[in-house]
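Per-entry structural report
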Amino acid sequence: SGVSNPANQTIRWTVQVDVENQAIPNMRVYDLLVYGNSINLNTVTGIPSGILTNELTPRFGQKYANNFSGAFTVNVIPILQGATRVADLVEVTGLSTAVENTFSFDSQVIDPNIFAGNSSFAGNPNRNVSNTASLFSGTTRLNAATGTVTYVNRMLVKAMLDRSTHANPAAGVNTLTTDPSRGFNYIDKTAVFRISVNASGIDLTNTTNADGLTLGTVTLTDTLPEGWEFVEIVNGENYLIFEGTGQTNGSVTASDTTPDTVTGLSSSISGRTATFTFDTLN
């Protein structure tokens, strides 16, 4: 089983092993966490001798993140593709055959499609992340169990302001609607949209991907449908930005109605496309 913590990009996995007094020699658990989204176990090194690769179940987009708890021995075995570490094989030994064994550890989610993908205000921003623990007697696989957690994506949400706010969108920054007929101004043919960015408040700039590289500069692009174009939201301003507090649905509630400035934020808005570049998004 598992519990996700998207603000820290981690999942806490708990494994329970109970063999009910069966005589199982050299009992151990293996858990294979793969950094990327695929792996060929026949071309990697590090798999313990005698273990058949098709008896390990790789789970992707994660790496071992320590915080092990349990009165057992944990050994994290590096799995290499050439000279590059591509996975962690977690090996837990010292298990008892007489009582139920329970241990926990953290994995870090390093797939940006999971922790930094897009979602909609009315849609489902959740992703499922799975992990499999396999029980072995020496090099013989006996059983396995899989747990799946819901990982709530709170990186990007687009919403619409009620048209009653159009005369003063700053004052109405938190007045949202999911009804297009309430968001569209039939007089001047406009709609005001608000994009919530990074409701979880993670340090996206310094987050690493499966290759161990920091993501760095963050670019947000919004492209309108054919027939629409961006216009000034108020006289002389193409956009307004506000500091806020992240909500559980991925939206951000503006702290006040005074627009802010963000150091290192630049924009390019023309026609149907608006691009915002954050030198630092943390």
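One structure accompanies this document, and this report is about it.

What counts as what
- For every chain, the first residue of the written sequence is number 1, and numbering continues from 1 along that sequence.
- Local features in this predicted model are restricted to residues of pLDDT 70 or higher, and side-chain atom pairs are both shown and tallied only at a pLDDT of 80 or more, whereas totals for entire chains, interfaces and linings draw on every residue.
- Working from all heavy atoms in the structure, the side-chain values ignore hydrogens and water.
- The way it works is that DSSP assigns letters per residue, a run of H or I at least four long becomes a helix, a run of E at least two long becomes a strand, and they are numbered from the N terminus.
- In this description the radius of gyration comes from C-alpha coordinates, and the expected globular size is given by 2.2 Å times residues to the power 0.38.
- Relative accessibility thresholds used throughout: buried, under 20% of the residue-type maximum; exposed, over 50%; partly exposed, between the two (1.4 Å probe, protein chains only).
- Surface accessibility follows the Shrake-Rupley procedure with a 1.4 Å probe radius. Residue values consider only the protein chains on display as shielding.
- A positive count includes Lys and Arg, and a negative count includes Asp and Glu. His and the chain ends are not counted in either.
- Here the site of a charge means atom NZ of a Lys, CZ of an Arg, CG of an Asp or CD of a Glu.
- Note on pairing: two strands pair once DSSP finds at least 2 bridges between them.
- In protein, a polar contact requires one atom able to donate a hydrogen and another able to accept it; more generally it is a pair of N or O atoms within 3.5 Å, and residues adjacent in sequence count only if both atoms are side-chain atoms.
- Angles here are taken between N-to-C directions and fall from 0 to 180 degrees, while the axes themselves are lines fitted to C-alpha atoms, restricted in helices to the stretch in contact.
- For this analysis, a salt bridge means a side-chain nitrogen from Lys or Arg found within 4 Å of a carboxyl oxygen belonging to Asp or Glu.
- Residues are said to line a cavity or pocket when one of their atoms sits within 4 Å of a point; the points come from a 1 Å grid over protein atoms alone, cavities being sets where a 1.4 Å probe fits but cannot get out and pockets being open sets with protein on both sides within 12 Å along at least five of seven lines.
- Grid points are joined across faces, edges and corners, and a volume is the space filled by probe spheres set on the points.
- In the scheme used here, Gly and all other residues not listed as nonpolar or charged are polar, with Ala, Val, Leu, Ile, Met, Phe, Trp, Tyr, Cys and Pro taken as nonpolar and Asp, Glu, Lys and Arg as charged.
- Only buried residues count toward a nonpolar core, which is a set of Ala, Val, Leu, Ile, Met, Phe, Trp, Tyr and Cys residues joined through side-chain atoms within 4.5 Å.
- Note on contacts: a residue pair is in contact if any heavy atoms of the two residues lie within 4.5 Å.

Structural notes on the overall build of the protein chain
Tallying secondary structure elements over the protein chain gives two helices and 18 strands in all. Here the C-alpha atoms of the protein chain give a radius of gyration of 24 Å, more than 25% beyond the 19 Å that 2.2 N^0.38 yields for 282 residues. With the C-alpha coordinates of the protein chain rotated into their principal frame, the extents come out at 80 × 40 × 30 Å. Residue burial in the protein chain is summarised as follows: out of 282 residues, 38% are buried. Of the roughly 14,400 Å² of accessible surface on the protein chain, a fraction of 46% belongs to carbon and sulfur atoms. Positive and negative side-chain charges in the protein chain, numbering 14 and 23 respectively, have mean positions lying 4 Å apart.

Focus: the sheet that holds strand E12 (residues 176–177)
Reading across from one edge, E12-E11-E13 is the order of the three strands in this open sheet, with antiparallel pairing throughout. On the outer flanks of this sheet lie E12 and strand E13 (193–197), each paired with one strand and no other. With two bridges joining them, strand E11 (residues 156–161) and E12 adopt antiparallel strand pairing. Looking across to E12, one finds that Leu 161 is bridged to Leu 176.

Looking at unusual backbone geometry
Phi angles above zero are rare outside glycine, and Gln 9 is one such case at about 60°. Along the chain, Gln 9 turns up in the loop between strand E1 (2–5) and strand E2 (10–17).

Quick notes on the environment of Asp 31
Relative to the elements of secondary structure, Asp 31 occurs in strand E3 (residues 27–34). There is a polar contact of 2.9 Å between the side chain of Asp 31 and the side chain of Asn 131.

Here's the deal with the sheet that holds strand E5 (residues 62–64)
Pairing between the strands of a sheet comes from backbone hydrogen bonds, and it takes one of two forms, parallel or antiparallel. Pairing is antiparallel in the open sheet, where four strands are placed in the order E1-E2-E8-E5. With partners counted over all chains shown, the strands left at the sheet margins are E1 and E5, one partner each. Each strand axis lies, on average, 30° off the axis of its neighbour in the sheet, ignoring direction. Bridge analysis of E1 against E2 gives four bridges, and the strand direction is antiparallel. If you follow Asn 5 over to E2, its bridge partner there is Thr 10.

Here's the deal with the pattern of salt bridges
Counting across every chain of the model gives six salt bridges. Residue Asp 88 is joined to Arg 85 by a salt bridge in which the shortest nitrogen-to-oxygen separation is 2.9 Å. Residue Asp 88 is classed as buried on the basis of its relative accessible area of 2%. Look at Arg 85 and you get partly exposed, because its relative accessible area is 35%.

A word on empty space enclosed by the protein
By the definition in use, this model includes one cavity of 30 Å³ or more. In this model, the largest cavity occupies a volume close to 50 Å³. Surrounding the largest cavity, Pro 6, Phe 115, Tyr 151, Val 152, Asn 153, Arg 154, Met 155, Ser 200 and Ile 202 form its lining. Grouping the constituent residues of the lining of the largest cavity by class yields six nonpolar, two polar and one charged.

Here's the deal with the pairing of strand E17 (residues 265–270)
The pairing of E17 with strand E18 (residues 273–278) spans six bridges and is antiparallel. By the bridge assignment, Ser 268 is partnered in E18 with Thr 275. What sits between the antiparallel neighbours E17 and E18 is a turn of two residues, in which Gly 271 has the positive phi angle 60°.

Things to note about the nonpolar core
In this structure, Val 29 and Phe 103 are the most contacted members of the largest nonpolar core, which totals 35 residues. Per element, the largest residue contribution to this core is four residues, and it comes from E2. When near neighbours in sequence (up to four residues on either side) are disregarded, Phe 103 contacts Trp 13, Thr 14, Val 15, Val 29, Phe 68, Ser 69, Gly 70, Phe 72, Val 92 and Leu 95. The next biggest cluster of nonpolar side chains, apart from the first, holds 14 residues, and it includes Tyr 30, Leu 32, Val 44 and Leu 89.

It is worth stressing that arrangement in space is one thing and function is another; only the former is reported here.
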